Amino acid sequence: MQYKTLRINYFTFIFILFSIVSYHFKSVLIGYFISFIHECGHIICAHIFGLKKVKMEALPIGFYAFIQNIDSLENYKQILIFLSGPMMFFPLYLLNNFL
């Protein structure tokens with residue numbers, strides 16, 4: 001069974017509503033974008049290693065990716081999946097500074 005879902009927590013809507021009312025929506029949107037890029041790094045690397053069962057959830061503090069059966073991989077592959085999230089910012093850094 002393969003599943004790829006994006007769930008949105010109910011409190012996320014309340015958080016976004018409060019950010020709109022308090023004029024902080026732009027900052028919250030930037031935070032969500034950064035969190036989304038970070039979690040996509042983990043998911044892309046997991047797909048490269050053959051893990052297809054992924055759930056992503058939007059929480060008030062950002063996104064959360066749940067990758068099932070990550071324990072079945074070798075240790076170096078697990079470490080690469082864990083490091084791939086922060087490494088997604090390196091191409092964005094290069095794009096921002098050199099273009």
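In case you missed it, the structure is sitting above this.
Cut-off values and rules
Within each chain, residues carry numbers counting from 1 in the order of the written sequence. Owing to the predicted nature of the model, reporting of local features is limited to residues with pLDDT of at least 70; listing and counting of side-chain atom pairs is limited to 80 or more, with chain, interface and lining totals taken over all residues. Only hydrogens and water are removed before side-chain values are computed, so all heavy atoms of the structure are retained for them. Think of it this way: any DSSP run of H or I at least four residues long counts as a helix, any run of E at least two long counts as a strand, and we number them from the N terminus. Relative accessibility under 20% of the residue-type maximum defines a buried residue, over 50% an exposed one, and the middle range a partly exposed one, all with a 1.4 Å probe and only protein chains included. We call two residues in contact whenever any of their non-hydrogen atoms come within 4.5 Å of each other. Note that accessible areas follow from Shrake-Rupley with a 1.4 Å probe, and for residues the cover is restricted to the protein chains shown. In this charge count, Lys and Arg are treated as positive and Asp and Glu as negative; neither His nor the chain ends contribute. For charged residues, the charge sits on one atom: NZ in Lys, CZ in Arg, CG in Asp, CD in Glu. By nonpolar core we mean a set of buried residues, namely Ala, Val, Leu, Ile, Met, Phe, Trp, Tyr and Cys, connected to one another through side-chain atoms within 4.5 Å. Here, patches come from residues exposed beyond 30% relative accessible area and free of salt bridges, joined within 9 Å for like charges and within 5 Å for nonpolar side chains (Val, Leu, Ile, Met, Phe, Trp, Tyr). In the sections that follow, a salt bridge refers to a side-chain nitrogen of Lys or Arg positioned within 4 Å of a carboxyl oxygen of Asp or Glu. Residue count minus one, scaled by 1.5 Å, sets the expected span of a helix. Two rings from Phe, Tyr or Trp (for Trp, the six-membered ring) form a pair when their centres are within 6.5 Å of each other. A pair whose planes differ by under 30 degrees is stacked, one over 60 is edge-to-face, and the rest are tilted.

Colleague: Help me out: how do you make sense of the overall build of the protein chain in this one?
Modeller: A count of helices and strands for the protein chain gives 4 helices and 3 strands. The principal-axis extents of the C-alpha atoms in the protein chain amount to approximately 45 × 40 × 20 Å. Burial statistics for the protein chain: of 99 residues in total, 31% are counted as buried. Taking the contacts inside the protein chain whose residues are at least 6 apart along the sequence as the reference set, 62% of them involve residues at least 24 apart. Accessible surface, the protein chain as shown: approximately 7300 Å² in total, 71% of it carbon and sulfur. Charged side chains in the protein chain number 7 positive and 4 negative. The centres of these two groups are separated by 9 Å.

Colleague: Help me out: how do you make sense of the nonpolar core in this one?
Modeller: Across soluble globular proteins, you tend to see nonpolar side chains buried next to one another. Ranked by internal contacts, the top residues of the largest apolar core, which has 16 residues, are Leu51, Ile67 and Ile81. Those elements that place two or more of their residues in this core are α2 (25-48), β2 (54-59) and β3 (62-67). For this core, the leading source of residues is α2, giving 6 residues. What leucine 51 contacts, discounting residues up to four positions off in sequence, is Ala46, Ile67, Gln68, Asn69, Ile70, Leu73 and Ile81.

Colleague: What exactly am I supposed to notice about a nonpolar patch on the surface here?
Modeller: A cluster of nonpolar side chains, Ile79, Leu83, Met87, Phe90, Tyr93, Leu94 and Phe98, forms an exposed patch at the surface whose accessible area comes to about 750 Å². If you list the elements that add at least two residues to the nonpolar patch, you get α3 (75-87) and α4 (89-98). For phenylalanine 90, the location among the structural elements is in helix α4. Using a relative accessible area of 46% as the deciding quantity, one classes phenylalanine 90 as partly exposed.

Colleague: I tried to follow α3 on my own but got confused; where do I start?
Modeller: Along an α-helix, a turn takes 3.6 residues, which lines up residues three or four apart on a common side. Relative to the 18 Å expected for 13 residues at 1.5 Å per residue, α3 spans 18 Å between its end C-alpha atoms, a close match to the ideal helical length. Of all the positions in α3, only Lys77, Gln78, Ile81, Ser84 and Gly85 are classed as buried. Buried-residue contacts for α3 involve α2, β3 and α4.

Colleague: Explain the packing of aromatic side chains to me, please; I cannot follow it from the model alone.
Modeller: When we look at a pair of aromatic rings, we describe it by the centre distance and by the angle of the planes. Inspection of the entire model under this criterion finds 2 aromatic pairs. A ring pair is formed by tyrosine 32 and phenylalanine 63, whose centres lie 5.9 Å apart and whose planes are at 80°; its orientation type is edge-to-face. Placement of the pair is tyrosine 32 in helix α2 and phenylalanine 63 in strand β3, with a sequence separation of 31 residues. Ring centres 5.3 Å apart and planes at 65° place the aromatic pair phenylalanine 36 and phenylalanine 63 in the edge-to-face group. Remark: phenylalanine 63 occurs in strand β3 and phenylalanine 36 occurs in helix α2; sequence separation between them is 27 residues. Judged by its relative accessible area of 31%, phenylalanine 36 falls in the partly exposed class. Note on phenylalanine 63: relative accessible area 17%, which makes it buried.

Remember, this is a structural readout, not a statement about activity or role.
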